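What follows is the residue order along each chain.
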Amino acid sequence: MIFVDKKTERLIERTSYYLTVVFLFSIPISIAISQTALFTAFVLTVFTLFKKGEIRTLRSPIDAFFLFYVGAEILSTIFAVDKFQSLILAKRLFLIAAFYLVRAAGKDESDLGTFLSTFILGVLVMAAVGVYKYYSGLSSGRLAPFQIYMTAGGILMMAFLMLAPIMIHVATPLRVRILSVVASIPILLALLLTFTRSSWLGALAGLITVGVSKTRIVLVAVVAIVLIFVLIAPPQFIDRARSSFDLSHPDNRGRLLMWKTGVAIFLDNPLVGIGDIGVEKVYDKYAPPWQERQGHLHNNLLMWLVTVGVVGTTALLAFFLKILQTEFLSLRATSSWLSNGLALGAIAVFFGFHVNGLFEWNFGDAEPLTLFYAIFGLSMRAKEISERKSAS
């Protein structure tokens, strides 16, 4: 047992809480600030829980599945083409700290509301800067405020999907509903200006999930949004959206070629993959000589098969399915507009993230993956708070 006086203990707890707020606010703005705040807050949280003898409260239903994935990463690194790079890139394992931190830091619904509001505020700052840079000619034709447009698109997509269930919940206070609608406008504008098709599709997939889970009015709204977009959107947006379904489009032809190369790499290294490394290490060996070398394959599932093989992919699929099951349990256990909205938002984000990942390597992008884990933490904590209320 570590002995710390009560005053110091309270100071550490408050510091951890405020660092969690900084972490959530800065995810859309600065990876350096967000990661520093995340891991500092996590260490302080673990210290506090250990000191109180409450470290076991960090246990969760996903622990065993995550450890299965960790084991697969270790196995893949042992047989990796580049063991050092595989060891370095495996640092993404530590991003799971976002889930445990947010879950531990949220003591009640008020905290969860603060966390969501703080994150949305950070996204609004990102959107405002991005829109300004776009219309000022300071970006290269696609909205990229503090990060590349694909990363920005993923963050904006997830922010919107967290707001959508709150906007439609029958018990949401009018003021909160109005603020959510107002906040969604610049977020959606910024999302469109990224011209990131995979994030657009992810947003639609998440909205459809909300509609299927909650009310068919959302499904009608999705159809209406698509029709309005087709009727009034400027030509460059229509062309970009239409290109998603055009296999002859240069971007799509490039993706198909790299996926074909990825399949060849996987078939040659099926069990544990080439290691958690950039595929540029082996790309030239499997691609035609005229094909441009790629660092990744713009598809999560194929990248898992290539880098960590069947063993690692099985571990990851089991891990994510367990997350989804836990999120559905949260949805069933919550009833208030905030807790239920967070639970449904997390499910929408789950499907949006993975639809996005059909065309991007967003699992390999620190900001969207960290945010995905943090949102899962909000969902599970909402469930635990609701269950505690029901039992009291």
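Quick notes on the rules
The numbering scheme is per chain: residues are counted from 1 as the chain's sequence reads. Local features in a predicted model are, by the rule used here, given only for residues with pLDDT of at least 70; side-chain atom pairs are given and counted only at 80 or more, and totals for whole chains, interfaces and linings are based on all residues. Values shown for side chains rest on all heavy atoms present in the structure; no hydrogens or waters enter the calculation. Strands here are runs of E lasting at least two residues and helices are runs of H or I lasting at least four, both read from the DSSP assignment and numbered beginning at the N terminus. Atoms considered for the radius of gyration are the C-alpha atoms alone. The globule rule reads 2.2 Å times the number of residues to the power 0.38. Only protein chains enter the area calculation, which uses a 1.4 Å probe; residues under 20% of their type maximum are buried, those over 50% are exposed, and those in between are partly exposed. Here, residues are in contact when the closest pair of their heavy atoms is within 4.5 Å. For accessible areas, the Shrake-Rupley method is used with a probe of radius 1.4 Å. Any residue's cover is judged against the shown protein chains and nothing else. By the counting rule applied here, Lys and Arg register as positive and Asp and Glu as negative, while His and the ends of each chain are not counted. The atoms used to mark charge sites are NZ of Lys, CZ of Arg, CG of Asp and CD of Glu. Here the term cavity refers to a set of points on a 1 Å grid, laid over the protein atoms alone, in which a 1.4 Å probe fits but cannot get out; the term pocket refers to an open set having protein on both sides within 12 Å along at least five of seven lines, with lining residues being those that place an atom within 4 Å of a point. Grid points are joined across faces, edges and corners, and a volume is the space filled by probe spheres set on the points. In this count, Pro and Cys sit with the nonpolar residues alongside Ala, Val, Leu, Ile, Met, Phe, Trp and Tyr, while Asp, Glu, Lys and Arg are called charged and the others, Gly among them, polar. In the analysis that follows, any N or O atom pair within 3.5 Å is treated as a polar contact, provided that within protein one partner can donate a hydrogen and the other can accept it, and provided that, for residues neighboring in sequence, both atoms belong to side chains. For our purposes a nonpolar core is just a set of buried Ala, Val, Leu, Ile, Met, Phe, Trp, Tyr and Cys residues, chained together by side-chain atoms within 4.5 Å. Pairing of aromatic side chains here covers Phe, Tyr and the six-membered ring of Trp, requires ring centres within 6.5 Å, and sorts the geometry by plane angle: under 30 degrees stacked, over 60 edge-to-face, intermediate tilted. In the sections that follow, a salt bridge refers to a side-chain nitrogen of Lys or Arg positioned within 4 Å of a carboxyl oxygen of Asp or Glu.

Novice: In this structure, what is going on with the overall build of the chain? I would like to understand it.
Specialist: Of the regular secondary structure elements, the chain holds 16 helices and 0 strands. In terms of C-alpha radius of gyration, the chain reaches 21 Å, essentially the compact-globule figure of 21 Å for 392 residues. Expressed as a percentage of its 392 residues, the buried residues of the chain come to 54%. Long-range pairs, those at least 24 residues apart, make up 74% of the contacts in the chain between residues at least 6 apart in sequence. Accessible area of the chain: about 17900 Å², with a carbon and sulfur share of 69%. Charge separation in the chain, taken as the distance between the mean sites of 34 positive and 24 negative side-chain charges, equals 5 Å.

Novice: What am I meant to see in the environment of Ala-203 here?
Specialist: Here Ala-203 is to be found in helix H9 (residues 197-213). Separated by 66 residues in the primary sequence, Ala-203 and Gly-137 have C-alpha atoms spaced 26 Å apart. Residues within four places of Ala-203 in sequence aside, it is in contact with Met-157, Leu-161 and Leu-191.

Novice: Explain the layout of surface pockets to me, please; I cannot follow it from the model alone.
Specialist: A water-sized probe, rolled over the atoms, reveals where empty space remains. Its volume calculated, the largest pocket comes out at about 1200 Å³. In this structure, the largest pocket is lined by 37 residues; those nearest its centre are Leu-188, Leu-192, Ile-225, Val-226 and Phe-229. Among the elements of the structure, helix H7 (149-168), helix H8 (174-193), H9, helix H10 (216-232) and helix H11 (235-242) are those that each provide at least two residues to the lining of the largest pocket. Looking at the lining of the largest pocket, the element that brings in the most residues is H10, giving 10 residues. Of the residues belonging to the lining of the largest pocket, the class tally is 33 nonpolar, 2 polar and 2 charged.

Novice: Mind showing me how you'd approach the environment of Gly-206 here?
Specialist: As for its placement among the helices and strands, Gly-206 is situated in helix H9. According to the relative accessible area criterion, Gly-206 is buried, its value standing at 0%. Separated by 115 residues in the primary sequence, Gly-206 and Lys-91 place their C-alpha atoms 28 Å from one another. Beyond its immediate stretch of four places on either side in the chain, Gly-206 contacts Leu-161 and Ala-348.

Novice: Please explain the side chain of Glu-9 as it appears in this structure.
Specialist: Residue position: Glu-9 is located in helix H1 (residues 6-26). For Glu-9, the side chain forms a polar contact with the side chain of Lys-51, separated by 2.6 Å.

Novice: What's the story with unusual backbone geometry in this structure? I'm lost.
Specialist: Trans peptide bonds make up the majority, and among non-glycine residues the majority have a negative phi. Although it is not a glycine, Phe-195 adopts a positive phi angle of roughly 55 degrees. Assignment of secondary structure puts Phe-195 in the loop between H8 and H9. Of the residues examined, Phe-195 reaches a relative accessible area of 8% and is grouped as buried.

Novice: What is the right way to read the nonpolar core from this model?
Specialist: Soluble globular proteins: nonpolar side chains tend toward being buried together. Core analysis: the biggest nonpolar cluster contains 116 residues, and Phe-23, Phe-115, Leu-156, Phe-320, Phe-363 and Tyr-373 have the highest contact counts within it. Aside from chain neighbours lying at most four places away, what touches Tyr-373 is Leu-95, Ile-96, Ala-98, Phe-99, Phe-319 and Phe-363.

Novice: Hey, could you run me through the packing of aromatic side chains in this one?
Specialist: Two descriptors summarise a pair of aromatic rings, namely the distance from one centre to the other and the angle between the planes of the rings. Taken as a whole and judged by the stated rule, the model has 24 aromatic pairs. Seen in terms of ring centroids, Trp-304 and Phe-363 are 5.4 Å apart; in terms of plane orientation they differ by 85 degrees. Their pairing is edge-to-face. With Trp-304 in helix H14 (residues 300-333) and Phe-363 in the loop between helix H15 (337-356) and helix H16 (366-391), the pair connects residues that are 59 residues apart, well separated along the chain. Each member of the pair, Trp-304 as well as Phe-363, is classed as buried. Centroid distance Phe-320 to Phe-350: 6.4 Å. Interplanar angle 65 degrees. Geometry classified as edge-to-face. One end of the pair, Phe-320, is in helix H14; the other, Phe-350, is in helix H15, and 30 residues separate them in sequence. Under the relative-accessibility criterion, Phe-350 is labelled buried at 7%. In this structure an aromatic cluster arises from ring pairing among Phe-66, Tyr-69, Trp-304, Phe-319, Phe-320, Phe-350, Phe-351, Phe-353, Trp-361, Phe-363, Phe-372 and Tyr-373.

Novice: Please clarify how the side chain of Glu-367 should be interpreted in this entry.
Specialist: Residue position: Glu-367 is located in helix H16. Buried and without a salt bridge, Glu-367 has Lys-91 as its closest oppositely charged side chain, separated by 10 Å. Discounting residues that sit within four places of it in the chain, Glu-367 has contacts with Ile-27, Ile-31, Gln-147, Thr-151 and Ile-155.

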